[in-house]
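Observations on the three-dimensional arrangement
These are the residues of each chain, in order.
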Protein chains: 2
Amino acid sequence: MTRLSLSAVIVAFTVTTDEGVRTGAVVFSHEDGEAEEFDMSKVIRVNMTDRSVCVEAVPEGWLGLGGRALTSTIVAAEVPPTCHPLGPNNKLVFATGLLSGTPAANSGRFSAGAKSPLTGGIKESNAGGTASRLLSRLDVHALIIEGQPKGDSWFGLRVSKDGVVIEEETETLGMGNFAVVEVLTRRWGEDIGIISIGPAGENRMAISNISVKDPNGKLRSFGRGGLGAVLGSKKIKFITVDGTGASSVPLADPAAFKKAAQIFAKTLLDHPVSGKGLRTYGTAILVNILNEVGGLPTRNFTGGQYEDHDKISGETMYDTIVERGGQPTHRCSPGCVIQCSQVYNDKEGKYVTSGFEYETIWALGANCCIPDLDAIAEADGLMDDLGVDSIETTVMFAVAMEAGILPFGDGKGVLRMLREDIGKATPLGRILGGGTGAVGRLYGLTRVPVVKNQAIPAYDPRSVKGIGVTYATTTQGADHTAGYAIVSNVLNVGGVVDPLKNEGQVELSRNLQIATAAIDSTGLCLFIAFPALDIPECLAAVIDMINARHGITLTGDDVVALGKKTLKIERAFNLAAGIGPEQDRLPEFFELEKIAPHDVAWDMPTEELQSFWNF
Amino acid sequence: MTRLSLSAVIVAFTVTTDEGVRTGAVVFSHEDGEAEEFDMSKVIRVNMTDRSVCVEAVPEGWLGLGGRALTSTIVAAEVPPTCHPLGPNNKLVFATGLLSGTPAANSGRFSAGAKSPLTGGIKESNAGGTASRLLSRLDVHALIIEGQPKGDSWFGLRVSKDGVVIEEETETLGMGNFAVVEVLTRRWGEDIGIISIGPAGENRMAISNISVKDPNGKLRSFGRGGLGAVLGSKKIKFITVDGTGASSVPLADPAAFKKAAQIFAKTLLDHPVSGKGLRTYGTAILVNILNEVGGLPTRNFTGGQYEDHDKISGETMYDTIVERGGQPTHRCSPGCVIQCSQVYNDKEGKYVTSGFEYETIWALGANCCIPDLDAIAEADGLMDDLGVDSIETTVMFAVAMEAGILPFGDGKGVLRMLREDIGKATPLGRILGGGTGAVGRLYGLTRVPVVKNQAIPAYDPRSVKGIGVTYATTTQGADHTAGYAIVSNVLNVGGVVDPLKNEGQVELSRNLQIATAAIDSTGLCLFIAFPALDIPECLAAVIDMINARHGITLTGDDVVALGKKTLKIERAFNLAAGIGPEQDRLPEFFELEKIAPHDVAWDMPTEELQSFWNF
């Protein structure tokens, strides 16, 4: 790792293409002449049109950005908002966070960004796994994949300390993600990071995701927005990351970093949600909680409580896992202390799935009326293998049930259609693979829970109104993680806002969305928000870690400013793509149909909702 | 027919419901106190939620409006722009034109309007047939269908001089339109007007249209925008119009009307396009013309000329029809002097189809590479029977061919999929029934010729740039009839504008779109535009007819103002529905892919395109 002064610097770079290697240089001059230290991390561009690779120093305007802030900045700067998301002008950007690769707890995530084929707007999705840490150690701050090959050939990308090699690929085509991991591990060893798509991404389905190998050789995902189809449209089946020869990520002030990291980790473990609830029961702890408050959408959003909630609860899952010798706690990425993932085994004690999330369990359980954790777990594993977003896909199945494609409660039907239809891209598979909105449109239904064509997850916006504001206003299409109002609406974290009233919801969602955009830029897991909202030392420690890592002097205000700027960049992209304030709203049926047990509809005045962007 | 002074008037109305009849009154007061005469024509509201019918006098604000101007005004005033197009808040409006029901040549058309389930924006579609004249004679100026029944029952509406009766319907459910006409003719006689949907509309498919019985018991259609799905969402299989006891439409100045009508009819017959070209060869005369200028999109818009154009040309069609004892000329509505329709028979001389249009022949012929008029004619008849838009459906088939659903050139495959898949709403049928954009999205394609999700017809915007401006900017989604720039780009009617240059195209399209919005409000066929553009007496005669019919003093400026106002009302609705300037554009592939023989791409600057709305 080289350190450079920015007052006047020439950074050499190397370009590796199929035809060979060439070098160049970038000249930096610092505006106010003050020297400031920064890492010589790289941006790698892979152009699939001519199959060239270009390694650049991070441009000055992108310094100090990471994760979502960086992917959204790059996409907004370089992707024409009106381009076809599966055409040559879209770009898929991977970016590590400001704390990626450091010893900080829960810093193992990274972001992927592009114009989404599902929403038509800007998309950032982040995931755990091992690739983020490896990319950081290789000084790869961002990997930009652009262009599009002509012809039918598929490719794999190999990232290593020597750059990126683009190789034609045949062996893994058509394979599920688990088989891809197996083949590539055999090919290049257990330590490589793997980013891949399954058959759904190859078939450019809107429900497809991008998988990342986790520390146990299982899968995590860039789940939402159909990014698998974007990688598929570039004809890339996988990206491997080989960390051989990489050094550890440098820290400007190791002692200060260590001190802050310890405080940070302690706050994660001290908070009851991150340190106990999630750690013990995983995110499925929310089944009973949401059922209790009447916010658990049931039978395609026609009710708010599910009679069989006990059969699919986190508590039941925990008991089942322990009884069958699975793992009730499990980390999705190196350095995670929350460990909300788990390993779920079948009755014979054989591995079925991990990363078994509340949203999936809710969607197939309560919303599709399948009170059977084993069937849901099997579907979860299958979805990982096919490479489909487990939220979009499962919410879609409830709409498919309402369309009469299969009956409510038909768990076997779901498994069969995943395997035989989505997996094999039959005509029915193409319909289901189009996602929730597509099924609704093709069957002429009106009860179709999507915003900006992306499925609404797990929390009914009529009885938990803060999350409704997030669904309606986020740049991402319906996404609970964009501004998780459940914290103050339901969990009494970071304050209390009555979930049934409109008052205070816009402000709550706005503050959370700003904070989330900032957190998503660090490489930290969003679940740090629980202690960050309740324990003052937590956020201070995060800022101290960033400063100690980069040798800078960020303040809390700077972090808020970063969050705001990121949201506004995303919003500007969406507006230029034709996604305006008229699309910042929930589907009409939430206004027309009241939901039990509180007998409430969605009644947030449009003007109040649109005041979200007043910042 | 009663005439009323508007200075201060109370109009009595009658409400007919299942429960009985009630009466009421509407009080009018004229703003400036001047008395003005108007017809006491009626607006009938049918509310399908409570199955009530309300007959109202035409509100003051709607006086002087007809056809498209009236449907768009009503939809904009009463339909929430963000409502679900298939939900209870959408309304389907039928409106007769300012000259409907009069003896004027080619005045047999009427308009249907709603929020479109295909485009998500406002929609006006107009059709011939016999119902328009019957509605006018019954003084029904507009029929507004609103609300939505709960439950599974379907209904038929019977319009007569006694009002509207809503009756539960079972016999015709699932039937194609031809069988519906047969059953209803048996039930109520040959003279009734019939408006109906086929299986596609019942299944709420986005490609579905609404059919209207023509003078020969065959079908014409409100083709575009999926209006059949809107009628289907109201659970209405058909509307019959019984003209028994109706009087003829009154004329304020019969002598002046007769004089103007004679001049008007003469101009129609004098102009070479309307009087000879269309009259002899139908619209299919355009096959060879567009092929010649390189604007005949071929093989899903990958070329501009079709080697087998002779096999599908209007000239070949004419010879075939004559040889087989069909009718080379045929009228779609009473009083048509152009008679561009025809009756196409098979080799045995048996009826196959009528209203066999250039766009259908182009799409299945050149664009799907099926050089077989017999197969295309069979598909045309089938589409009428199923009740699907023959433009959306046939353009979709070329995209389906590119998706690999069936091979290019597979005419038998098209027929089979129409009959077995679209007709029976199989999963594949649901995909195809979603239209061109849906197929493109589900199969992850980029060469998908749609604007605002509606298929681009028959004229390549790269080599005929004026029509590209219309496709991009019209409020209706891609629609050649919205501003038929072919006139001056290709046919040298109304001036000459070089089709390959950007200069002058926006102005051409703007003028044509304004004129078209006005013509679409009269109940006249759009083909009157040919003489109207070239023969000064034509437009003057149209205005004279309107004035003589209504006893008013419209000028040419008033007509232009009506067209402008109509466009702006539609535009405002679209903006409020979230369809902004970013959607006033062609798909990206037209910019990225040049087309033979002129080797031209679409390169209209965005700013120039968006200047369309500067009026």
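Whatever comes next refers back to the structure up there.
What counts and what doesn't
Residues numbered from 1 in each chain as written. Chains lettered and ligands numbered in written order. Predicted model: local features only at pLDDT ≥ 70, side-chain atom pairs only at ≥ 80, totals over all residues. Heavy atoms only, no water. Buried < 20%, exposed > 50% of the residue type's maximum accessible area, 1.4 Å probe, protein only. Helix = DSSP H or I, 4+ residues; strand = E, 2+ residues; numbered from the N terminus. Pairing = 2+ DSSP bridges. Expected span 1.5 Å × (residues − 1). Contact = heavy atoms within 4.5 Å. Least-squares fit on C-alpha atoms with pLDDT ≥ 70 in both. Buried area = accessible area lost by both parts, 1.4 Å probe. Salt bridge = Lys/Arg side-chain N within 4 Å of Asp/Glu carboxyl O. Nonpolar A, V, L, I, M, F, W, Y, C, P; charged D, E, K, R; others polar. Axes fitted to C-alpha atoms, helices over the stretch in contact; angles between N-to-C directions. Disulfide = S-S within 2.5 Å.

Focus: the pairing of strand β18 (residues 341–345) of chain A
All names here are of chain A. In terms of burial, β18 is a largely internal element, 5 of the 5 residues being buried. Here β18 shows a buried face lined by S341, V343 and N345 and a second buried face lined by Q342 and Y344. Bridge count between strand β17 (residues 327–330) and β18: 2 bridges; the pairing is antiparallel. Each residue of the ladder has a partner; that of H330, found in β18, is S341.

A word on helix α6 (residues 254–270) of chain A
Between its terminal C-alpha atoms α6(A) stretches 24 Å, which fits the 24 Å expected from 17 residues at 1.5 Å a residue. As for α6(A), its buried residues are in contact with α7 (272–281), α19 (529–534) and α20 (536–550) of chain A.

Quick word on the relation of the copies chain B and chain A
In the superposition of chain B on chain A (RMSD 0.0 Å, axial shift 0.0 Å), the rotation amounts to 180°. Taken together, the turn and the small shift mark the pair as related by a two-fold rotation axis.

What about the interface of chain B and chain A?
Tallying the contact residues gives 29 residues for chain B and 29 residues for chain A. Sorting the residues of chain B by area buried against chain A places B:R430, B:L442 and B:E588 first, and these three jointly supply 22% of that buried surface. Our count for the chain B to chain A interface comes out at 0 salt bridges. Only α14 (427–433), α15 (436–442) and α21 (556–576) of chain B provide two or more residues apiece to the side of chain B that touches chain A. Here the side of chain B that touches chain A takes 4 residues from α14(B), the largest share from any one element. Here the residues of the side of chain B that touches chain A are counted per class, giving 14 nonpolar, 9 polar and 6 charged.

Observations concerning the pairing of strand β9 (residues 122–127) of chain B
Residues and elements named next belong to chain B. The buried fraction of β9 is high, at 6 of 6 residues. Strand direction decides the pairing type here: strand β8 (residues 110–115) and β9, joined by 6 bridges, are antiparallel. Paired with S111 across the bridge in β9 is N126. As consecutive antiparallel partners, β8 and β9 are separated by 6 residues, and within that stretch G120 has a phi angle of approximately 75°, a positive value.

Considerations on the sheet that holds strand β14 (residues 210–213) of chain A
All names here are of chain A. The sheet built from 6 strands is open, its strands ordered β12-β11-β16-β13-β14-β15 with mixed pairing. One side of each edge strand has no neighbouring strand; the edge strands of this open sheet are β12 (163–169) and β15 (219–222). On average, each strand axis in the sheet is tilted by 20° relative to the strand beside it, whichever way the strands run. Pairing of strand β11 (residues 154–160) with β12, which is carried by 7 bridges, proceeds in the antiparallel orientation.

Brief notes about the state of the cysteines
Residues and elements named next belong to chain B. In total, this model carries 0 disulfides over all chains according to the counting rule given. C336 takes part in no disulfide bond, and the closest cysteine sulfur, belonging to C332, lies 5.9 Å away. Among the residues examined, C336 registers a relative accessible area of 9% and is labelled buried.

Remarks on the pattern of salt bridges
Taken as a whole and judged by the stated rule, the model has 58 salt bridges over all chains. Here B:R45 makes a salt bridge to B:E146, at a shortest N to O gap of 3.0 Å. Of this pair, B:R45 sits in strand β5 (residues 42–47) while B:E146 sits in strand β10 (residues 140–146), placing them 101 residues apart in sequence. One exposure class covers both B:R45 and B:E146, and it is buried. Overlapping salt bridges, with partners in common, bring together A:R45, A:E56, A:E78, A:K91 and A:E146 in one network.

Focus on the sheet that holds β17(A)
Backbone hydrogen bonds are what pair the strands of a sheet, in a parallel or an antiparallel way. All names here are of chain A. What the 3 strands build is an open sheet, ordered β17-β18-β19; its pairing is antiparallel. A single partner strand is all that each edge strand has here, and the edge strands are β17 and β19 (351–354). Within this sheet the neighbouring strands show an average axis-to-axis angle of 25°, counted without direction.

Describing the environment of B:S521
Mapped onto the secondary structure, B:S521 falls in the loop between α18 (505–519) and α19 (529–534). Measuring from C-alpha to C-alpha, the distance between B:S521 and B:E357 comes to 23 Å, with 164 residues separating the pair along the chain.

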